[in-house]
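Residue-level structure breakdown
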Amino acid sequence: MSDYTPPLDDIRFVLDEILDLAALAKLPDFEHADPDLVHGALAEAGRFAAEVIAPLNRIGDVEHSRRNADGSVTTPPGFVAAYEQYVAAGWGSVPFPAEYGGGAFPWLVATAIGEMMASASMAFALGPTLTQGAIDLLLAHASEQQKETYLPKMVSGEWTGTMNLTEPDAGSDLGAVRTKAVADGESTWRISGQKTFITHGEHDLTDNIIHLVLARVADAPPGTRGISCFIVPKVLIAPDGQLGERNRVTCLSIEDKLGIHASPTCVLEFDGAEGYLIGELNNGMRYMFTMMNNARLSVGVQGLAIAERAYQQAVAYAQERQQGRGPGAAAGVSSPIIDHPDVRRMLLTQKASIEALRSLAYLVAESMDLAVHHPERTVRESRQELVELLIPVTKAWATDLGVELSSLALQVHGGAGYIEETGAAQHFRDARIAPIYEGTNGIQAIDLVARKLPMRDGAAVRDFIAQLSAIDSDLASAGPELSSIRTNLAAAVSSLRDATNHLAAADNIDRLAGAAPYLRLFGIVTGGWLMARQALAASRRLASGSTEADCLRAKLVTANFYCEQLLPQASGLVSAATAGAADLMALTPAQF
């Protein structure tokens with residue numbers, strides 16, 4: 001099984017050539033984030049991911065996290081030591097405010113770090129990812145006293161955080177939450193109920209876990225309008241800031257899962273546990289939604305990350321494995337399978353798709369930074385709108401491709417890929433959760449057509465499609481080398497525009513029926529636009545006499561391959577996106 005190599009050159013290309021890290025570093029809040037400093041930090045983060053975290057990936061998959069008889073959980077060998085090094089290096093604190101011990105770097109930088117950590121071991125990275133989500137919510141909605149109590153140690157990573165939403169009968173429908181909160185004095189509540197699928201809900205990596213729990217108080221309005229959010233620490237904190245008694249939170253079990261075996265997915269029982277209200281009563285869902293964009297971006301990055309790890313292993317295997325005679329090889333010669341065109345098609349499909357996904361995820365992260373930190377209101381508003389529009393696409397398309405590309409990587413291995421010993425199967429198994437959690441991809445599609453298409457009476461999507469079309473003049477000026485990219489992108493954008501116009505005028509049920517293929521269409525076309533930007537950037541660099549000619553020519557090849565051989569899928573999705581609900585609803589349940 002091959003080791004993980006951080007794709008630093010590819011990351012740098014996106015940050016510097018497709019996006020504009022240098023411009024981001026000129027904003028007053030990020031003047032300390034000099035591009036050279038950022039790239040140095042990313043190189044060190046990549047080294048840490050490759051040398052410290054990546055070796056644990058296989059160990060964690062085989063050993064699992066284990067629940068002990070007393071309800072405690074033991075993570076696989078090496079995880080505690082690696083997490084201590086993670087905290088000591090400060091990787092989890094990179095994007096958070098300096099006043100709580102953070103590095104105050106752009107979220108774009110944290111996204112690149114998050115990609116490498118998730119590639120190294122998705123199961124290991126899940127704990128820090130959930131902690132970042134909990135920090136986001138507390139930063140936005142907790143009281144100053146709560147922030148001072150919890151954030152310094154959560155930002156440092158000394159304590160982790162969880163999000164406790166799901167219950168046995170309340171999965172995607174959070175309005176069905178039954179966990180109860182009963183007032184116990186002026187500032188304390190007693191939380192009782194059971195939460196399921198709680199990532200890193202119990203573990204031995206830290207002394208404390210800060211659970212953020214959705215619960216319902218007496219006489220609360222029905223549905224999501226009656227949900228409140230509470231801080232429920234695993235270990236109570238004394239007035240002097242020291243850890244006190246264990247709270248009444250118990251891990252009843254951890255799930256036996258298809259993948260991410262090292263990540264303890266817990267069933268937690270809250271039995272009158274001491275908790276503290278965040279913000280106002282009955283606003284818990286609103287608070288959760290404030291951190292949802294970052295959380296869904298992080299899951300989209302997991303799709304990218306696992307695809308990258310699986311691809312690297314597939315390339316290494318294809319270069320080593322000899323089978324059959326490749327085109328042009330002498331008789332009797334056994335060629336490396338990478339010489340066979342079909343294997344190259346699989347590898348190039350992975351490579352081009354990964355490059356498109358990375359550009360999309362990083363674009364959203366950059367937009368998050370600009371939406372908060374840019375001095376001009378119009379820029380902040382336009383970038384926030386772009387974030388809202390692209391988040392469901394990023395989460396769903398990236399995680400769907402994470403599964404498909406890791407499956408392709410397994411296929412490159414042939415029968416050996418189906419054997420657990422090679423490790424290719426683990427990537428496929430680990431990737432499968434990402435389209436499910438943090439809002440299933442079907443829910444992302446519904447979000448896109450039901451909430452995002454109507455933004456500004458449809459002008460938000462129309463403006464974005466116009467932005468996709470605006471690159472045409474740059475492609476035309478680039479000359480014949482990019483003519484195929486230009487032609488295919490124009491056709492794909494036209495397909496997206498047609499499907500968008502149709503769904504904007506459709507009945508609700510027809511819009512919902514076309515949601516999933518429309519989201520995929522949206523992702524593929526957006527990916528084509530970003531690959532066209534990649535081609536333009538590579539072409540400009542080559543024309544300037546760059547010394548990185550081999551790398552830049554490879555960028556042109558992958559952009560051309562994407563736009564000629566993957567992007568045309570867009571036109572085939574229009575009929576599915578616009579077909580309506582008639583066939584979907586025609587059968588009775590029994591006929592299925």
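Residues numbered from 1 in each chain as written. Predicted model: local features only at pLDDT ≥ 70, side-chain atom pairs only at ≥ 80, totals over all residues. Heavy atoms only, no water.

We now examine the overall build of the protein chain. Counting its regular elements, the protein chain contains 22 helices and eleven strands. Its C-alpha atoms give the protein chain a radius of gyration of 24 Å, within 12% of the compact-globule value 25 Å for 592 residues. Structurally, the protein chain occupies a C-alpha span of about 80 × 60 × 55 Å along its principal axes. A burial count over the protein chain gives 57% of its 592 residues as buried. Sequence separation of 24 or more characterises 74% of the internal contacts of the protein chain that already satisfy a separation of 6 or more. Carbon and sulfur atoms form 51% of the exposed surface of the protein chain, whose accessible area is close to 24000 Å². (Helix = DSSP H or I, 4+ residues; strand = E, 2+ residues; numbered from the N terminus. Rg over C-alpha atoms; globule rule 2.2 N^0.38 Å. Buried < 20%, exposed > 50% of the residue type's maximum accessible area, 1.4 Å probe, protein only. Contact = heavy atoms within 4.5 Å. Areas by Shrake-Rupley, 256 points an atom, 1.4 Å probe, with all protein chains shown as cover.)

Before going further, it helps to examine helix α20 (residues 549-566). Owing to its 3.6 residues per turn, the α-helix aligns residues three or four sequence positions apart on the same side. In this model, α20 (18 residues) spans 25 Å end to end at C-alpha, consistent with the 26 Å of a helix rising 1.5 Å per residue. Residues of α20 that are buried: Ala549, Leu552, Lys555, Leu556, Thr558, Ala559, Phe561, Tyr562, Cys563 and Leu566. Elements that come into contact with the buried residues of α20 comprise α1 (8-18), α11 (341-373), α12 (377-412), α17 (483-505), α19 (515-543) and α21 (569-578). (Expected span 1.5 Å × (residues − 1).)

This part is about the side chain of asparagine 293. Examined against the element boundaries, asparagine 293 turns out to sit in helix α10 (residues 292-320). The residues contacting asparagine 293, other than those within four sequence positions of it, are Met368, Gln384, Val387, Glu388 and Ile391.

So, about the state of the cysteines. Under the defined criterion, the tally for this structure stands at zero disulfides. Free of any disulfide, cysteine 563 has its nearest cysteine sulfur in cysteine 551, 18 Å distant. What makes cysteine 563 buried here is its relative accessible area of 0%. (Disulfide = S-S within 2.5 Å.)

On the surface, Ile509, Leu584 and Met585 cluster together into a nonpolar patch covering about 310 Å² of accessible area. With respect to the helices and strands, isoleucine 509 occurs in helix α18 (residues 508-513). (Patch = residues over 30% accessible without salt bridge, like charges linked within 9 Å, V, L, I, M, F, W, Y side chains within 5 Å. Salt bridge = Lys/Arg side-chain N within 4 Å of Asp/Glu carboxyl O.)

Moving on to the pattern of salt bridges. Under the definition given, this model contains 30 salt bridges. Note that arginine 47 is salt-bridged to glutamate 51, the shortest N-O span being 2.8 Å. Of this pair, arginine 47 and glutamate 51 both sit in helix α3 (residues 35-53), four residues apart, which is roughly one turn of that helix. Glutamate 51 sits in the exposed class, given a relative accessible area of 52%. With a closest N to O distance of 2.7 Å, arginine 541 and glutamate 548 form a salt bridge. The network of salt bridges with shared partners includes Asp10, Lys351, Glu355 and Lys555.

We now examine the packing of helix α7 (residues 122-141) against α10. Running from amino to carboxyl end, α7 crosses α10 at an angle of 165°, the nearest separation of the two axes being 10 Å. Here α7 lies roughly antiparallel to α10, going by the angle between them. The two elements α7 and α10 cross, and the hand of that crossing is right-handed. The segment α7 lies against α10, with Met122, Leu126, Thr129 and Asp136 engaging Asn294, Ser298, Gln302 and Ile306. Here the residues of the contact of α7 with α10 sort into three nonpolar, four polar and one charged. (Axes fitted to C-alpha atoms, helices over the stretch in contact; angles between N-to-C directions. Parallel < 35°, antiparallel > 145°, perpendicular 65-115°, else oblique. Left-handed = near helix turned anticlockwise from the far one by under 90°. Nonpolar A, V, L, I, M, F, W, Y, C, P; charged D, E, K, R; others polar.)

A few words now on the nonpolar core. Counting residues in hydrophobic clusters, the biggest one holds 175 residues, and the most contacted among them are Leu212, Trp397, Tyr518, Phe522 and Tyr562. The contact partners of tyrosine 518, leaving out residues within four places of it in the chain, are Leu448, Val449, Leu453, Val461, Leu496, Ala499, Thr500, Leu503 and Ala577. Counting 18 residues, the second-largest nonpolar core is a separate cluster that includes Ala181, Val217, Cys266 and Ala273. (Core = buried A, V, L, I, M, F, W, Y, C linked by side-chain atoms within 4.5 Å.)

This part takes up the environment of alanine 25. Position of alanine 25 among the secondary structure elements: in the loop between α2 (21-24) and α3. Exposure remark for alanine 25: the relative accessible area of 11% places this residue in the buried category. Placed 515 residues apart in sequence, alanine 25 and arginine 540 show a C-alpha to C-alpha distance of 23 Å. Not counting residues up to four positions away in its chain, the partners in contact with alanine 25 are Phe30, Glu31, Ala33, Asp34 and Pro35.

The next thing to look at is the packing of aromatic side chains. Overall, the coordinates contain ten aromatic pairs when judged by the stated rule. Between the aromatic rings of tyrosine 83 and phenylalanine 124, the centroid separation amounts to 6.3 Å while the plane-to-plane angle is 55°, which identifies the pairing as tilted. Pair noted here: tyrosine 83 is in helix α5 (residues 79-89) and phenylalanine 124 is in helix α7, with a separation of 41 residues, a long-range link. A residue is classified by how much of its surface remains accessible, and phenylalanine 124, at 3% relative accessible area, is buried. Between tyrosine 86 and phenylalanine 124, the aromatic rings sit 6.1 Å apart at their centres with planes inclined by 75°, giving edge-to-face as the arrangement. (Phe/Tyr/Trp six-rings, centres within 6.5 Å; stacked < 30°, edge-to-face > 60°.)

What follows concerns the packing of α11 against α12. At a minimum axis separation of 8 Å, α11 and α12 run at an interaxial angle of 155°. When the interaxial angle is binned, α11 and α12 end up roughly antiparallel. Of the two possible hands of crossing, α11 and α12 adopt the one that is left-handed. Residue classes in the contact of α11 with α12 are distributed as 25 nonpolar, seven polar and three charged.

The next thing to look at is α3. Between its first and last C-alpha atoms α3 spans 25 Å; for 19 residues at 1.5 Å apiece the expected length is 27 Å, and the two agree. Along α3, the residues that are buried comprise Pro35, Val38, His39, Leu42, Ala45, Gly46, Phe48, Ala49, Ala50, Val52 and Ile53. Looking at the packing, one finds that the buried side of α3 touches α1, α2, α4 (56-63), α5, α6 (107-120) and α7. Measuring from the side-chain oxygen of the N-cap residue of α3 to the backbone nitrogen of aspartate 36 gives 3.0 Å; that N-cap residue is aspartate 34. (Polar contact = N/O pair within 3.5 Å; in protein donor to acceptor, adjacent residues only side chain to side chain.)

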